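Summary of the model geometry
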Amino acid sequence: MSFDHESKSVPAMSELSLAISAGGTLTDVSPGLAFLLGHKLDAMIGRAFVEFVHPDDVERTVAAWQELDEGDTVLRFENRYRCHDGSHRWLSWTGMLLDGAAIASARDIEIEMTQRERLAAHEAETEEREQSIAILFHDLRNPVAALAAAVRILGREPQSDRSRTVLELAEKAVGRMDGLIDDVSDFAQARLGSGLRLSRRHEMLEPVIRQAVDEVRLSRPDWTIDEHYDFPEPVDCDPKRMGQLVSNLVGNAIDHGQPGTPVRVRGWDRDGTLGITVWNDGAPIPEDRVGLLFKPFVRSGAGGDQRSLGLGLYIAHEIAVAHGGTLSVRSDPGGTEFTFVLPR
């Protein structure tokens, strides 16, 4: 049987274990453990076990060893042991006391710990990036508000046909910027805070949804939106957020729908369950993207408005979760349907 001395890999059946006397010296070391660390057996046996422990892990390791000395069993204790070449290797230990000696067996977790460190670094980098984005968009609020005020003031002055057209385009652009800022603000609140805040009250839901759909119609007059609702009683919800959820879903359905076909919006409240569905006759969403749809900065398809930040579905999902509901998607050649369900 041969060993890979470069990677320090040990055959699966090789035992990684050691025994420690009451005085803290190594009385036995398995050949597999010695090989993994690159030491010779006779260079380890008889020496204090803490000599082989990473300096930063010594205090924790001694405390765990003392637990064994008191008769407790230690499970999955992780620390780093010094290799012959001066490097250190992560091991996960299980130990117990036997005939006055501490007996411990190990599992090599070097690769696992490396992956953990990379994941932690990636998460820290992602959070820092998200915080920077949130701060940037927060700081944009004042200049955008000033620009909107300037456009409104100019709109009250006498204008030529050309300047009036330019002002209308500017007003739409400002409105779009304001919407993007709202999206990023909601994103930051959901990701970096404790979730979206709700202002709940009992409200008849149909007028709320119809208003949200009408606002989409104004911006996309070339699309037909077919609606049908059955909400007989008031609903305990945040009306503004519910309108935002529907608006995001309808806007997404239009962005990725088949031109010339209607977008369908349905709502019902029966048998203790409230539901809202938004359907469009678009190309099926690729399977590898379905699981990513409710993540931030992800778009549902290759088409649609590429100027979008890809936050609409993420925010809709967070609104559903904040209400105690769910948001799911089904996509096949017959169309794509998003469904919000809220148990009453």
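Residues numbered from 1 in each chain as written. Predicted model: local features only at pLDDT ≥ 70, side-chain atom pairs only at ≥ 80, totals over all residues. Heavy atoms only, no water.

Let's talk about the overall build of the protein
Convention followed: Helix numbers and strand numbers start at the N terminus; a helix is a DSSP run of H or I with at least 4 residues, a strand a run of E with at least 2. Summary of the burial criterion: residues with accessible area below 20% of their type's maximum are buried, those above 50% are exposed, and those between are partly exposed, where the area comes from a 1.4 Å probe applied to protein chains only. The protein chains shown are the only cover counted for residues, whose accessible areas, like all others here, come from Shrake-Rupley with a 1.4 Å probe.
Secondary structure assignment for the protein yields nine helices and 12 strands. For the protein, the proportion of its 344 residues judged to be buried stands at 38%. As presented, the protein carries roughly 19,500 Å² of accessible surface, and 53% of it is formed by carbon and sulfur atoms.

Focus on empty space enclosed by the protein
In plain terms, the rule: The way it works is a 1 Å grid over only the protein atoms, where trapped points that fit a 1.4 Å probe form a cavity and open points with protein on both sides within 12 Å along at least five of seven lines form a pocket, and then any residue with an atom within 4 Å of a point lines it. Grid points are joined across faces, edges and corners, and a volume is the space filled by probe spheres set on the points. Three classes are used: nonpolar for Ala, Val, Leu, Ile, Met, Phe, Trp, Tyr, Cys and Pro, charged for Asp, Glu, Lys and Arg, and polar for all others, with Gly counted as polar.
Under the definition given, this model contains one cavity of 30 Å³ or more. In this model, the largest cavity occupies a volume close to 150 Å³. As for the largest cavity, its lining consists of 15 residues, and the residues nearest its centre are Thr61, Leu68, Phe77, Trp93 and Ala104. Elements represented by at least two residues in the lining of the largest cavity include exactly β1 (17-20), α3 (58-69), β3 (74-82) and β4 (88-98). A breakdown of the residues in the lining of the largest cavity according to their chemical character gives 11 nonpolar, four polar and no charged.

A look at the pattern of salt bridges
As a reminder of what qualifies: Each reported salt bridge corresponds to a side-chain nitrogen of Lys or Arg within 4 Å of a carboxyl oxygen of Asp or Glu.
Under the definition given, this model contains 18 salt bridges. Residue Arg217 pairs with Glu227 through a salt bridge whose shortest N-O separation is 2.8 Å. Pair noted here: Arg217 is in helix α6 (residues 205-219) and Glu227 is in strand β7 (residues 225-230), with a separation of 10 residues, a long-range link. For Arg217, a relative accessible area of 26% translates into the label partly exposed. Here Glu227 falls in the buried class, since its relative accessible area comes to 15%. Linking Arg330 and Asp332 is a salt bridge whose minimum nitrogen-to-oxygen distance equals 2.8 Å.

Looking at the environment of Glu15
Heads up, the condition is: Residues are treated as being in contact if the distance between any of their heavy atoms lies within 4.5 Å. Whenever two N or O atoms come within 3.5 Å, that pair is a polar contact, provided that in protein one can donate a hydrogen and the other can accept it, and provided that, for residues adjacent in sequence, both atoms are side-chain atoms.
Along the chain, Glu15 turns up in the segment before β1. By relative accessible area, Glu15 is classed as exposed at 52%. Sequence separation between Glu15 and Arg107 is 92 residues; the distance between their C-alpha atoms is 9.0 Å. Excluding its chain neighbours within four sequence positions, the residues that come into contact with Glu15 are Ser30, Gly32 and Leu33. A polar atom in the side chain of Glu15 sits 3.0 Å from the side chain of Ser17.

Quick word on the confidence of the model for the protein
Here is the rule: pLDDT expresses, on a scale from 0 to 100, how confident the predictor is about each individual residue.
Here the protein averages 85 in pLDDT, and 90% of its residues register 70 or above. Segment residues 1-13: pLDDT under 50, and 17 contacts once partners within four positions in sequence are set aside and those in other chains are kept.

Describing the environment of Asp255
For Asp255, the position within the fold is in helix α7 (residues 239-255). Taking relative accessible area as the criterion, Asp255 reaches 27% and is therefore assigned partly exposed. Each C-alpha atom, one on Asp255 and one on Asn280, is 9.7 Å from the other, the two residues being 25 residues apart in sequence.

Quick notes on a nonpolar patch on the surface
Definition in use: For patch detection, residues must exceed 30% relative accessible area and be free of salt bridges, and they are connected within 9 Å for like charges or within 5 Å for nonpolar side chains (Val, Leu, Ile, Met, Phe, Trp, Tyr).
A cluster of nonpolar side chains, Met96, Leu98 and Ile103, forms an exposed patch at the surface whose accessible area comes to about 250 Å². Here Met96 shows up in strand β4.

A word on the packing of aromatic side chains
What counts here: Each aromatic pair joins two rings of Phe, Tyr and Trp (for Trp, the six-membered one) with centres within 6.5 Å, and gets the label stacked for planes under 30 degrees apart, edge-to-face for over 60, and tilted for any other angle. Two thresholds decide whether a charge sits over a ring: the Lys NZ or Arg CZ must be within 6 Å of the ring centre and within 35 degrees of the ring normal.
Inspection of the entire model under this criterion finds four aromatic pairs. Ring geometry for Tyr81 against Trp93: centres 5.3 Å apart, planes inclined by 50°, an arrangement best described as tilted. In this pair, Tyr81 sits in strand β3 while Trp93 sits in strand β4, placing the two residues 12 residues apart along the sequence. Trp93 carries the same exposure label as Tyr81, and that label is buried. For the pair Tyr229 and Phe231, a centre-to-centre distance of 6.2 Å together with 20° between the ring planes defines the contact as stacked. For the pair Tyr229 and Phe231, one class covers both residues: buried. Across the ring face of Trp279, the terminal group of Arg264 is positioned such that the distance to the ring centre comes to 4.0 Å.

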